[in-house]
Amino acid sequence: TLSTSLVTGTTGTISFTPTLLSPGTYDVRVKREGSLYRKKSNLSLQNNTSLNTFPPLISGDINSDNSINALDWSLMSPDWFLTGRPSDINGDGITNALDFTWLNRNWFLVGE
């Protein structure tokens, strides 16, 4: 299993190049801090760069256990109105009701 960090473009595309992986077919899991894993199967990489768009990532997994539940809330709760915390789901700089809205909306979802 190869694990690496890549940066997506603003449209959610990830660029894989042959210098990173040999040409072939891969199953790929993507994740960013605070989100659930998403999987894309049978991703084909040829001899040139392949751009692939992944489904939107689901926010709220603060403790990175690939599920959104009370454990995530237990981490968010003490961060209320604090800045620079992983529980700032929407990335506006402060943990507040907007972040809880995302957590609540995705409650009990699990990653792929």
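Just so you know, these numbers come straight off a predicted model, no measurement behind them.

(A) Representation of the overall build of the protein chain within the structure. Along the backbone of the protein chain there are two helices and six strands. Along the chain direction, N to C, the helices and strands of the protein chain fall in the order β-β-β-β-β-β-α-α. Counting over 112 residues, the protein chain shows a buried share of 30%. Long-range pairs, those at least 24 residues apart, make up 45% of the contacts in the protein chain with a sequence separation of at least 6.

(B) Representation of the environment of Asp99 in the model. In this fold, Asp99 is placed in helix H2 (residues 97-105). Classification of Asp99 as buried rests on a relative accessible area of 0%. Sequence spacing of Asp99 and Met76 is 23 residues, and the spatial spacing of their C-alpha atoms is 8.7 Å. A polar contact is formed between the side chain of Asp99 and the backbone nitrogen of Ile89, at a distance of 2.9 Å.

(C) Geometry of the environment of Asp92. With respect to the helices, strands and loops of the structure, Asp92 is situated in the loop between helix H1 (70-76) and H2. Apart from residues lying up to four places away in sequence, Asp92 is in contact with Leu98 and Asp99.

(D) Region of interest: the pattern of salt bridges. Considering all chains together, one arrives at three salt bridges under this definition. Residues Glu112 and Arg38 are paired through a salt bridge, measuring 3.5 Å at the closest nitrogen-oxygen approach. One end of the pair, Glu112, is in the segment after H2; the other, Arg38, is in strand S4 (residues 38-45), with 74 residues separating them in the sequence. Given a relative accessible area of 44%, Glu112 falls into the partly exposed group. Take Arg38: its relative accessible area is 15%, and that puts it in the buried class. Notably, a salt bridge pairs Arg85 with Asp79, separated by 3.3 Å at the nearest N-O pair. Judged by its relative accessible area of 34%, Arg85 falls in the partly exposed class.

(E) Structural context of the nonpolar core. The biggest cluster of nonpolar side chains holds six residues, and these are Leu36, Ile62, Ile68, Met76, Ile89 and Leu103. Once you skip the residues sitting within four places of it in the chain, Met76 turns out to touch Ile62, Ser87, Ile89, Thr95, Asp99, Phe100 and Leu103.

Here is what the cut-offs are and how they apply
Residues numbered from 1 in each chain as written. Predicted model: local features only at pLDDT ≥ 70, side-chain atom pairs only at ≥ 80, totals over all residues. Heavy atoms only, no water. Helix = DSSP H or I, 4+ residues; strand = E, 2+ residues; numbered from the N terminus. Buried < 20%, exposed > 50% of the residue type's maximum accessible area, 1.4 Å probe, protein only. Contact = heavy atoms within 4.5 Å. Polar contact = N/O pair within 3.5 Å; in protein donor to acceptor, adjacent residues only side chain to side chain. Salt bridge = Lys/Arg side-chain N within 4 Å of Asp/Glu carboxyl O. Core = buried A, V, L, I, M, F, W, Y, C linked by side-chain atoms within 4.5 Å.

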